[in-house]
Amino acid sequence: MTEEVQQTLSSHEGTRRSHKVPGLGVEIAPFRIPFHRRLETFAILQWTLTFLIGGFGLTFFSLYLLFTSYYWVSFLAYTWIIIDRWTPSQGGRRFSWSRRWKIWEHMRNFFPVELHKTADLDPNQNYIIAFHPHGILAVGAFIHFGTEATGFSKLFPGIKPSLLILRGWFFFPFLRDYVMIAGLCDSSKNSVDYLLSKNGVGNAACLVIGGARETLDMEPGKHRVLLNRRKGFIKKAMEHGASLVPVYSFGESDIYDSTCNVPGSKMRKLQEFLMKFTGFSLPIFHGRGIFNYTMGIIPYRRRINTVVGKPIPVGKNPNPTRTEVEDVHTIYVDALKALFDEHKTKYGISEDISLEII
């Protein structure tokens, strides 16, 4: 545990003196708290707003500008999207300085978030880093692979991580360039092919395997990952001979309170219908607010510990059969379960709890 994170934990334990509003059950945050905690709240707030409403908000704003004297701003933004449309699937446009912004350290300290290494990664090879679970915001994935707040490049020198997200993000004006400078790329097959075959060595294509669909089955306290039918990343690893690296983020599903709607229910059908046409899921969740600890869109201050497992060597096979993909998938699932079982008790999970694969 780093000294900065230790100081943050001590601060979290020593400064929370809230009070409840009689009759409402709302726990109000104290007025006087250390300034760094305000900065941490601001840091996570900006990412939460970016993740939840940034894309559609900026799209509506750009459409509004079309009817004002600033119409040319929107015209240039959409022209740029067309001109630059292939960049997200060709390694993106990362800037190292943006990955080291101080705001990401404040965001890390909010929970806090830590990255734990179990084995070295050879910089002369390429990798697919498979992250589980998604959680609501995929906070761990972004902090670890989209920033240097948890020291990825120090833990794994020579490895360049590229977090892959839904292609739809790169059609949002302004926002697309904001996420690209952190090294984010689209999660299309072409994007994975580029990173693993046309970008040299030392590349890590980082995928949140469960994706948006997994959030609909998420519950705090449950360790459930969507993996049984997720085999595309296995096939890509085989096609390029890229090693598979299982990653489990303990606490990722606990930073929000969420509701898991039973498959077949009316609400679940609506959620799946909307996800089918938009690509974005709409889970029912809540966290805390800016000035209260009871209700809001900001996640709770709960620790996240992300463990990077040992790489699984995968032989190059340009045209793997379904059976061959199934065999490697089985090996991967077993490795992920073993990673979970080996580390679960360190992070407050009972020995008799198992990882649920759906």
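S.K.: When you look at the packing of aromatic side chains in this model, what are you seeing that I'm missing?
M.R.: Given two aromatic rings, one states the distance between the centres and the angle between the planes to describe the pair. A full pass over the atoms with the stated rule returns 17 aromatic pairs. Ring geometry for Phe233 versus Tyr332: centroids 5.3 Å apart, planes at 80°, classification edge-to-face. Of this pair, Phe233 sits in helix α11 (residues 232-240) while Tyr332 sits in helix α13 (residues 322-343); the two residues are 99 residues apart in sequence, bridging distant segments of the chain. Tyr332 shares its class with Phe233; the two are buried. These aromatic residues form a ring-pair network of at least three members: Trp47, Phe51, Phe95, Trp97, Trp101, Trp104, Phe142 and Trp169.

S.K.: Help me understand a nonpolar patch on the surface, please; the structure alone is not making it clear to me.
M.R.: Taken together, Phe56, Phe60, Leu63, Leu66, Phe67, Tyr70, Tyr71, Trp72, Phe75 and Leu76 make up a surface patch of nonpolar side chains, about 1,200 Å² in accessible area. Sorting the residues of the nonpolar patch by element identifies α2 (35-65) and α3 (71-83) as the ones contributing at least two each. No other element matches α3, which puts 4 residues into the nonpolar patch. Here Phe75 shows up in helix α3.

S.K.: Help me out: how do you make sense of the pattern of salt bridges in this one?
M.R.: Once their charged atoms are close, side chains differing in charge can pair, the charge on each being opposite to the other. Per the stated rule, a full pass over the model turns up 15 salt bridges. In this structure, the salt-bridge partner of Arg176 is Asp84, at a minimum N-O distance of 3.0 Å. Highlighted residues: Arg176 in helix α8 (residues 175-180) and Asp84 in the loop between α3 and α4 (96-99), separated in sequence by 92 residues. In this structure, Arg176 and Asp84 share a single accessibility class: buried.

S.K.: Is there a simple way to explain the packing of α11 against α13 in this structure?
M.R.: If you want to describe how two helices pack, look at the angle between their axes and the distance between the axes. At a closest axis distance of 9 Å, the pairing of α11 and α13 adopts a crossing angle of 105°. Here α13 runs roughly perpendicular to α11, going by the angle between their axes. Contacts between α11 and α13 involve Phe233, Ile234, Lys235 and Met238 on the former and, on the latter, Glu324, Val325, Val328, His329 and Tyr332. Residues that form the contact of α11 with α13 fall into these classes: 6 nonpolar, 1 polar and 2 charged.

S.K.: So what exactly am I meant to see when it comes to the side chain of Arg301 here?
M.R.: Following the sequence through the fold, Arg301 ends up in the loop between β11 (284-286) and β12 (304-308). A polar contact is formed between the side chain of Arg301 and the backbone oxygen of Arg37, at a distance of 3.3 Å. Here Phe110 takes part through its backbone oxygen, which lies 3.2 Å from a polar atom of the side chain of Arg301.

What counts, and where the lines are drawn
Residues numbered from 1 in each chain as written. Predicted model: local features only at pLDDT ≥ 70, side-chain atom pairs only at ≥ 80, totals over all residues. Heavy atoms only, no water. Phe/Tyr/Trp six-rings, centres within 6.5 Å; stacked < 30°, edge-to-face > 60°. Helix = DSSP H or I, 4+ residues; strand = E, 2+ residues; numbered from the N terminus. Buried < 20%, exposed > 50% of the residue type's maximum accessible area, 1.4 Å probe, protein only. Patch = residues over 30% accessible without salt bridge, like charges linked within 9 Å, V, L, I, M, F, W, Y side chains within 5 Å. Areas by Shrake-Rupley, 256 points an atom, 1.4 Å probe, with all protein chains shown as cover. Salt bridge = Lys/Arg side-chain N within 4 Å of Asp/Glu carboxyl O. Axes fitted to C-alpha atoms, helices over the stretch in contact; angles between N-to-C directions. Parallel < 35°, antiparallel > 145°, perpendicular 65-115°, else oblique. Contact = heavy atoms within 4.5 Å. Nonpolar A, V, L, I, M, F, W, Y, C, P; charged D, E, K, R; others polar. Polar contact = N/O pair within 3.5 Å; in protein donor to acceptor, adjacent residues only side chain to side chain.

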